[in-house]
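# What the coordinates show
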Amino acid sequence: MSTPFEDPDATYLALVNDEGQYSVWPAANDVPAGWRIVLEESGRQACLDHVEAHWTDMRPVSLRAAMGGQPGE
């Protein structure tokens, strides 16, 4: 049985937190505290594509800053 995170027929949200980490989240579930929506209800693949296009540096923002880089780098 698949989880709600893998249902190809469900709708999803793309979320991001303050550390710049992304998540694909079932639209039927409440958005967890500390996360905000960056792509409204869409198909799973559209959310995965959004995350892939925007999450280009896996390091958390705090680590990038500690390493001397800018948060957006």
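Everything quoted here is computed from the prediction, not taken from an experiment. Here the residue index of a chain counts from 1 through its sequence in written order. Thresholds applied to this predicted model are a pLDDT of at least 70 for local features of residues and 80 or more for the giving and counting of side-chain atom pairs; totals over whole chains, interfaces and linings are not thresholded and use all residues. Heavy atoms throughout the structure, all of them, feed into the side-chain values; hydrogens and water do not.

### So, the overall build of the protein
Regarding its fold elements, the protein presents two helices and three strands. A run of DSSP states H or I qualifies as a helix once it reaches four residues; a run of E qualifies as a strand once it reaches two. Both are numbered from the N-terminal end. When the helices and strands of the protein are read in sequence order from the N terminus, they spell out β-β-β-α-α. By principal-axis analysis of the C-alpha atoms, the protein measures approximately 45 × 25 × 25 Å. By residue count, 29% of the 73 residues in the protein fall in the buried class. We call two residues in contact when some of their heavy atoms are within 4.5 Å. Look at the contacts in the protein between residues 6 or more apart in sequence, and 39% of them connect residues 24 or more apart. Here the protein displays about 4800 Å² of accessible surface, and carbon together with sulfur accounts for 53% of that area. His is not counted, nor are the chain ends, whereas Lys and Arg count as positive and Asp and Glu as negative. Every charge is mapped onto a representative atom, which is NZ of Lys, CZ of Arg, CG of Asp or CD of Glu. Averaging the locations of the 4 positively and 12 negatively charged side chains of the protein gives two centres separated by 9 Å. Type-normalised accessible area, obtained with a 1.4 Å probe on protein chains alone, sets the label of each residue: buried when under 20%, exposed when over 50%, and partly exposed for intermediate values. Where accessible areas are quoted, they stem from the Shrake-Rupley method and a 1.4 Å probe; at the residue level, only the protein chains shown are allowed to cover.

### Here's the deal with the nonpolar core
Ranked by size, the top nonpolar core spans seven residues in total: Tyr12, Ala14, Val16, Tyr22, Val24, Cys47 and Val51. Counting residues per element, the ones that place at least two in this core are β1 (11–17), β2 (22–26) and α1 (44–54). Contact partners of Tyr22, with chain neighbours within four places excluded, come to Leu15, Val16, Trp35, Val38, His50, Val51, His54 and Trp55. To form a nonpolar core, buried Ala, Val, Leu, Ile, Met, Phe, Trp, Tyr and Cys residues must be joined to one another through side-chain atoms within 4.5 Å.

### What to know about the environment of Thr56
Inspection of the secondary structure assignment puts Thr56 in the loop between α1 and α2 (61–66). Spatially, the C-alpha atoms of Thr56 and Gly20 are 9.9 Å apart, while their sequence positions differ by 36 residues.

### Considerations on the pattern of salt bridges
Pairing between side chains of opposite charge can happen when their charged atoms approach one another. For this document, the term salt bridge refers to a Lys or Arg side-chain nitrogen within 4 Å of an Asp or Glu carboxyl oxygen. Evaluated as defined, the whole model comprises two salt bridges. Residue Arg36 is joined to Asp18 by a salt bridge in which the shortest nitrogen-to-oxygen separation is 3.6 Å. Separated by 18 residues along the polypeptide, Arg36 in strand β3 (residues 35–43) and Asp18 in the loop between β1 and β2 bring together distant segments of the chain. Looking at Arg36, the relative accessible area reads 44%, which means it is partly exposed. When its relative accessible area of 65% is taken as the criterion, Asp18 is described as exposed.

### A short note on the UniProt feature "domain: MbtH-like" (unreviewed entry) in the protein
UniProt positions are given in the numbering used here, feature names are shortened, and annotations may be inferred rather than shown by experiment. With numbering aligned to this structure, UniProt lists the feature "domain: MbtH-like" (unreviewed entry) at residues 3–53. The distance separating the terminal C-alpha atoms of residues 3–53 is 24 Å; by composition the span is 20% helix and 41% strand.

### Observations concerning the packing of aromatic side chains
Only the six-membered ring of Trp is used, alongside the rings of Phe and Tyr, when aromatic pairs are assigned; centres must lie within 6.5 Å, and planes under 30 degrees apart are stacked while those over 60 apart are edge-to-face, with the rest tilted. The final tally for this structure, using the stated rule, is two aromatic pairs. Plain terms: the ring middles of Phe5 and Trp25 are 5.2 Å apart, the flat faces sit at 75° to each other, and that makes the pair edge-to-face. Here Trp25 lies in strand β2 and Phe5 lies in the segment before β1, a separation of 20 residues in the sequence. Judged by its relative accessible area of 33%, Phe5 falls in the partly exposed class. A ring pair is formed by Tyr22 and Trp55, whose centres lie 5.9 Å apart and whose planes are at 40°; its orientation type is tilted. A residue pair is termed long-range when its members are at least 10 positions apart, and Tyr22 in strand β2 and Trp55 in the loop between α1 and α2 qualify at 33 residues. Owing to a relative accessible area of 17%, Tyr22 belongs among the buried residues under this scheme.

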